[in-house]
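# Residue-level structural notes
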Amino acid sequence: MNTKRNVYLNMKPLDEALKIFFDHFPATGSMAAEWVSPPDAVGRVLAEPVFATVSSPNFHAAAMDGVAVKAVDTFGASQTRPKELAVGTQAKFLNTGHVMPEGTDAVIMIENIQTIGEDRIRIEAPAFPWQHVRKMGEDIVATELLYPRGHVVTPYCIGALIAGGVYQVPVRRKPRVLILPTGSELVDWRVTDPKDLKPGQVLESNAFVLERMIQACGAEAIRHDRVIDDLDLIRRTVADAVAGDVDMVMTIGGSSAGSKDYALPMLKDLGEMLVHGVTIMPGKPVILGDIQGKPFFGIPGYPVSAIIICEQFVQPLIKRMIGVADDPRPTVAVVPTRKIASKLGVEEFLRVKLGQVGENIVATPLPRGAGTITSITEADGIIRIPRQSEGIKDNDPVVAELIKPLSAIKNTIVIVGSHDNTLDVLADQLRAGDAALTLSSSHVGSMGGLMAVKRGVCHLAGAHLLDTETGLYNLAYIRRYLPDTPVRLVNLVMRDQGLIIPKGNPKGIQGIEDLGRDDITFINRQGGSGTRILLDYRLGQIGLSPENINGYSDEEFTHMNVAVAVLSGSADAGLGIYAAAKALDLDFIPVVTEQYDLVIPQAYLESRNIQTLLATIQTPVFKKRVEALGGYSMEKTGTVTTP
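Sequence order sets the numbering: in each chain, residues are counted from 1 along the sequence as written. Given that this is a predicted model, residues contribute local features only at a pLDDT of at least 70 and side-chain atom pairs are listed and counted only at 80 or more, while totals for whole chains, interfaces and linings are drawn from all residues. With hydrogens and water set aside, each side-chain value is computed from the structure's full complement of heavy atoms.

We now examine the packing of helix H4 (residues 231-243) against helix H5 (residues 263-270). Across the interface, H4 lies against H5 with an axial gap of 10 Å and an inter-helix angle of 50 degrees. Judged by the inter-axis angle, H4 sits oblique to H5. Crossing of H4 against H5: the hand is right-handed. Residue-level contacts link Leu231, Ile234, Arg235, Val238 and Ala239 of H4 to Pro265, Met266, Asp269 and Leu270 of H5. For this scheme, ten residues count as nonpolar: Ala, Val, Leu, Ile, Met, Phe, Trp, Tyr, Cys and Pro. Four count as charged, namely Asp, Glu, Lys and Arg, and the remainder, Gly too, count as polar. Along the lines of polarity and charge, the residues of the contact of H4 with H5 split into seven nonpolar, no polar and two charged. All axes are obtained by fitting lines to C-alpha atoms, using only the stretch in contact for helices, and the reported angles, taken between N-to-C directions, cover 0 to 180 degrees. The helix count covers DSSP runs of H or I at least four residues long, the strand count covers runs of E at least two residues long, and both are numbered beginning at the N terminus. Here is the rule for angles: anything less than 35 degrees is roughly parallel, anything more than 145 is roughly antiparallel, 65 through 115 is roughly perpendicular, and the remaining ranges are oblique. Crossing handedness is read from the near helix: turned anticlockwise from the far helix by less than a right angle, it gives a left-handed crossing, and turned clockwise, a right-handed one. Contact between two residues is taken to exist if any of their heavy atoms lie within 4.5 Å; hydrogens are not considered.

Structure below.
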């Protein structure tokens, strides 16, 4: 029998142990994809970006019960001069959700209709085009990004996925984790009457706790029955598991320096030890290793130690493997109710109860034993006492990590301004490189983006504002509207802007001058957008008045919505980017190649998030994906200009 005791040599501080372990297993997003239905994807992590295959709705639909009409047929109706319409020709009854009959573009609610006989109705107010109509693509536009890779699917997402025509979803496979409790003293609580417990026997609970913790962070736990203190038996069990389909192995117990602690000799027989002993309390005797390329954890047997080690090492690795952020717990400043001594050289995870007293949140320490499970179940927070400290003074404010409640801390880059399809690619590519980083874009037009920068409500803005006097983009507008805000211009793309028209160009549109034809209906971008400014400039060049363009006052906020308006037939043309036309298989008449820049306040330029973004747009994979969209040139991407 092996009675040799293990000796802790070269115990590592927590941060050093984490670096050693994660440098050895750089596992970000390493799990392969598998395909499941939308309902089965809830709680799973997307392995690839998901794009809609159909628009929702995929037809113009009535938004109210009533009658469908052609708005122009109702013009002039009033209470003093009501108008009658013929049922079946001028007015067609329909219910909410019904397809709009051909030739109609508005719905009058049923309560605003007076029935006159069987074939006529009377109205006392006119309808306006698209009144009470859900236009095609109002919710989802075919080919648009629904969710980027790394997105965790929620129950709400099911509706969007199915509505967008996505019936199979690519999710990262769950890592399989073997949990092996060891110790001759352990007994199975499921078949043991507590009254029959003998001295020295311990109800095995750690494996069940760790099983749920592992499942909660996205892995599959395989809980093995307990194995007695026998080195050969433990070694054979672990070797068989590693040879199988598990992705990592955890043994519980036997990681310390006792004569029957077999985790370390087993590891040395089968693999490589990376760390034995970390200067934290609870959790000091942890073992970290590698067995045939698979992570191994020797988890201490005390319950709180097992939980702390799982939180600090196991869960972060699992999250890296499936590509989700290991968000830190939220923190709050607290005032201890008494002086708290701590051992120098060891980082202590002190469990505390918290309460609001006056203007302060006070912290009361709970029992500190590693075997006291209630010290973690009753805790509201954890104070981490640094290993260089001998404790905390009373009434000396410190920071506590919150356990109840726990909310995610989001790391988001906010971009406001002009819409561009490359922003979807950028959002996904950022998540591919950093699961914690999110790009949130709001499409309010180029001028709206500059105003957002001026108010300090975004990290950057997207803009393509043409100075008609110089032919340069954005510089004149920044100098005019942001004179007191130091910014840098970073080129994202050069892009082709032009007329988006139906496939085959059925009306023979040749250029912007044709927008004045009576048989052409136009869909415009919102005022203040760079596209609108470009249109108005070109109209002025050719002497075409906006008043002579059917639909000039009808506005959309993105290029994709302009494209879907053309696709749906509600417009014959719209000014937008080639990528939007290509995405929906529409034709395109080039007008200009324009410069789309990111306007970044100097205050954020050197921040980690913005530097990550700037590095991402320079990567070959991002450029390749953007070029695949069509209509983009990347030769100036990343070029920095000081206005």
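To continue, consider unusual backbone geometry. Here Ser56 and Pro57 are connected by a cis peptide whose omega angle stands at -10 degrees. Within the secondary structure, Pro57 is located in the loop between strand E2 (50-51) and strand E3 (61-62). For the bond from Met281 to Pro282, the omega torsion is 0 degrees, close enough to zero to count as cis. Tracing the backbone through its elements, the reader meets Pro282 in the loop between strand E19 (280-281) and strand E20 (287-291). The backbone of Gln292 shows a phi angle near 55 degrees, a positive value even though the residue is not glycine. Within the element layout of this structure, Gln292 appears in the loop between E20 and strand E21 (294-299).

Between any two strands, pairing holds if DSSP finds at least two bridges. Spatially, the three strands line up as an open sheet ordered E6-E4-E7, and their pairing is antiparallel. Edge positions in the sheet fall to strand E6 (91-94) and strand E7 (106-109), since each has one partner strand and no second. Strand-to-strand, the axes of this sheet are offset by a mean angle of 35 degrees, without reference to chain direction. Inspection of the sheet shows strand E4 (residues 66-69) paired to E6 by four bridges, in the antiparallel sense.

Spatial strand order, E5-E9-E8: three strands in an open sheet with antiparallel pairing. Strand pairing shows two members of the sheet lacking a second neighbour, strand E5 (83-86) and strand E8 (114-116), which therefore form its edges. Ignoring strand direction, the axes of neighbouring strands in this sheet form an average angle of 35 degrees. Here four bridges tie E5 to strand E9 (residues 120-123), and the two strands are oriented antiparallel to one another.

For the rest of this paragraph, the subject is the packing of aromatic side chains. Aromatic pairs are defined between Phe, Tyr and Trp rings, using the six-membered ring for Trp, whenever the two ring centres lie within 6.5 Å; interplanar angles under 30 degrees are classed as stacked, those over 60 as edge-to-face, and all others as tilted. Applying the stated criterion across every chain yields a total of six aromatic pairs. A ring pair is formed by Trp189 and Phe208, whose centres lie 5.3 Å apart and whose planes are at 70 degrees; its orientation type is edge-to-face. Of this pair, Trp189 sits in the loop between strand E14 (186-187) and strand E15 (202-203) while Phe208 sits in helix H3 (residues 206-216), and the two are 19 residues apart along the sequence. Any residue under 20% of the maximum accessible area for its type is buried, any over 50% is exposed, and the rest in between are partly exposed; the area is computed with a 1.4 Å probe on protein chains only. What makes Phe208 buried here is its relative accessible area of 18%. Through successive ring pairs, a cluster of aromatic residues spans Phe21, Phe22, Phe25, Phe297 and Phe313. Two thresholds decide whether a charge sits over a ring: the Lys NZ or Arg CZ must be within 6 Å of the ring centre and within 35 degrees of the ring normal. Between the NZ or CZ atom of Arg320 and the centre of the ring of Phe22, over which it lies, the distance is 4.1 Å.

This part covers the pattern of salt bridges. When a carboxyl oxygen of Asp or Glu lies within 4 Å of a side-chain nitrogen of Lys or Arg, that pair is called a salt bridge. Throughout the structure, instances matching the rule amount to 30 salt bridges. Two residues, Lys19 and Asp23, come together in a salt bridge whose shortest N-O distance is 2.6 Å. Taken together, the residues span about one helical turn, with Lys19 and Asp23 both in helix H1 (residues 14-24) at a distance of four residues. For the pair shown, Lys19 and Asp23 are each scored as exposed. A salt bridge links Arg134 to Glu138; its shortest N-O distance comes to 3.1 Å. Owing to a relative accessible area of 31%, Arg134 belongs among the partly exposed residues under this scheme. Shared partners join several salt bridges into a network, and the residues in it are Glu311, Arg329, Glu347, Arg384 and Glu401.

In this section: a nonpolar patch on the surface. Residues with no salt bridge and a relative accessible area higher than 30% make up the patches, which join like charges within 9 Å and nonpolar side chains (Val, Leu, Ile, Met, Phe, Trp, Tyr) within 5 Å. We get accessible surface area from the Shrake-Rupley algorithm with a probe of 1.4 Å; when it comes to residues, only the shown protein chains can shield them. A cluster of nonpolar side chains, contributed by Trp189, Leu197 and Leu203, occupies part of the molecular surface with about 250 Å² of accessible area. Note that Leu197 resides in the loop between E14 and E15. Under the relative-accessibility criterion, Leu197 is labelled partly exposed at 30%.

A cavity here means a set of points on a 1 Å grid, drawn over the protein atoms and nothing else, where a 1.4 Å probe fits but cannot get out; a pocket is an open set with protein on both sides within 12 Å along at least five of seven lines, and a residue lines either one if it has an atom within 4 Å of a point. Grid points are joined across faces, edges and corners, and a volume is the space filled by probe spheres set on the points. Volume-wise, the second largest pocket comes out at about 900 Å³. Sorting the residues of the lining of the second largest pocket by element identifies strand E11 (145-147), helix H8 (422-433), strand E30 (437-443), helix H12 (559-568), helix H13 (578-583) and helix H16 (620-629) as the ones contributing at least two each. When grouped by side-chain class, the residues that make up the lining of the second largest pocket number 18 nonpolar, 13 polar and nine charged.

Moving on to the confidence of the model for the protein. Any residue range with low pLDDT should be treated as having predicted coordinates unsuitable for detailed reading. A residue's pLDDT is the confidence the predictor assigns to it, expressed on a 0 to 100 scale. When pLDDT is averaged along the protein, the result is 90; 95% of the residues meet or exceed 70. Here residues 406-410 is modelled with pLDDT under 50, and outside its nearest four sequence neighbours on either side it reaches eight contacts, counting other chains as well.

Given the number of residues in a helix, its expected span is that number minus one, multiplied by 1.5 Å. Under the 1.5 Å per step criterion, the end-to-end length of helix H6 (residues 303-322) is 26 Å for 20 residues, consistent within 8% with the ideal 28 Å. Bending is quantified residue by residue as the angle between axes fitted to the seven-residue window ending at that residue and the seven-residue window starting at it. At Cys310, H6 shows its maximal kink, close to 45 degrees. Counting buried positions along H6 gives 19 out of 20 residues, so the element sits mostly inside the fold. One or two positions beyond H6, positive phi appears at Gly323, with a value near 80 degrees.

Bridge analysis of E4 against E7 gives four bridges, and the strand direction is antiparallel. Across the sheet, the residue bridging to Val69 is Ala106, located in E7.

Our next topic: H4. Its 13 residues give H4 an end-to-end C-alpha distance of 18 Å, which sits within 8% of 18 Å, the value for a rise of 1.5 Å per residue. Burial in H4 covers these residues: Leu231, Ile234, Thr237, Val238, Ala241 and Val242. Axial view of H4: buried residues confined to an arc of 135 degrees, hence all on one face. Projecting away from the buried face of H4 at angles above 90 degrees are the exposed residues Arg236, Asp240 and Ala243. By arc we mean the arc of the directions from the helix axis to the C-beta atoms, nothing more.

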